[in-house]
Amino acid sequence: SFINLGAWSGPVAMVIAAIKALLVAMIFMHLRYEKQKIVWAFAFAGVFWLSIMMVLSMADYISRGFLAVPGK
């Protein structure tokens with residue numbers, strides 16, 4: 001956190017966060033020892049739900065300027 005990486009600060013932080021999430025899921029949630037089919041099913045469900053949330057959030061964000069706000 002004390003090193004200024006400039007434009008690379010965001011991508012490096014995302015890589016570190018992804019590695020930490022993977023370690024938590026694999027070790028502390030015991031996904032290493034589960035059957036692979038169930039792990040893939042839940043991973044797919046999580047990514048599917050995340051994509052639904054992202055699409056709905058972006059639809060809201062993009063459509064904010066369509067209606068005129070009274071008083072502006």
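See above for the structure.
Okay, so let's go over this structure. (Residues numbered from 1 in each chain as written. Predicted model: local features only at pLDDT ≥ 70, side-chain atom pairs only at ≥ 80, totals over all residues. Heavy atoms only, no water.)

Looking only at helices and strands, the protein chain features two helices and zero strands. Expected size for 72 residues packed as a compact globule is a radius of gyration near 11 Å; at 19 Å, the protein chain overshoots this value by more than 25%. Dimensions of the protein chain, computed from the C-alpha atoms along their principal axes, are close to 60 × 40 × 15 Å. Looking at the protein chain as shown, the accessible area adds up to about 7200 Å², and 76% of this sits on carbon and sulfur atoms. (Helix = DSSP H or I, 4+ residues; strand = E, 2+ residues; numbered from the N terminus. Rg over C-alpha atoms; globule rule 2.2 N^0.38 Å. Areas by Shrake-Rupley, 256 points an atom, 1.4 Å probe, with all protein chains shown as cover.)

So, on to the packing of aromatic side chains. In total, this model carries one aromatic pair according to the counting rule given. Each ring, one from phenylalanine 44 and one from phenylalanine 48, has its centre 6.2 Å from the other, and the planes form 20 degrees; the classification is stacked. Of this pair, phenylalanine 44 and phenylalanine 48 both sit in helix H2 (residues 36-62), four residues apart, which is roughly one turn of that helix. By relative accessible area, which is 62% here, phenylalanine 44 ends up exposed. (Phe/Tyr/Trp six-rings, centres within 6.5 Å; stacked < 30°, edge-to-face > 60°. Buried < 20%, exposed > 50% of the residue type's maximum accessible area, 1.4 Å probe, protein only.)

Summarising the element assignment, alanine 45 is placed in helix H2. Since its relative accessible area comes to 39%, alanine 45 is described here as partly exposed. For the pair alanine 45 and arginine 64, spaced 19 residues apart in the sequence, the C-alpha separation amounts to 29 Å.

Once that is clear, we can look at the environment of alanine 7. Here alanine 7 lies in the segment before helix H1 (9-28). Residues alanine 7 and isoleucine 19, spaced 12 residues apart in sequence, show a C-alpha to C-alpha distance of 20 Å.

Let us look at a nonpolar patch on the surface. A cluster of nonpolar side chains, Val15, Ile19, Leu23, Val24, Ile27, Phe28 and Met29, forms an exposed patch at the surface whose accessible area comes to about 690 Å². Assignment of secondary structure puts methionine 29 in the loop between H1 and H2. (Patch = residues over 30% accessible without salt bridge, like charges linked within 9 Å, V, L, I, M, F, W, Y side chains within 5 Å. Salt bridge = Lys/Arg side-chain N within 4 Å of Asp/Glu carboxyl O.)

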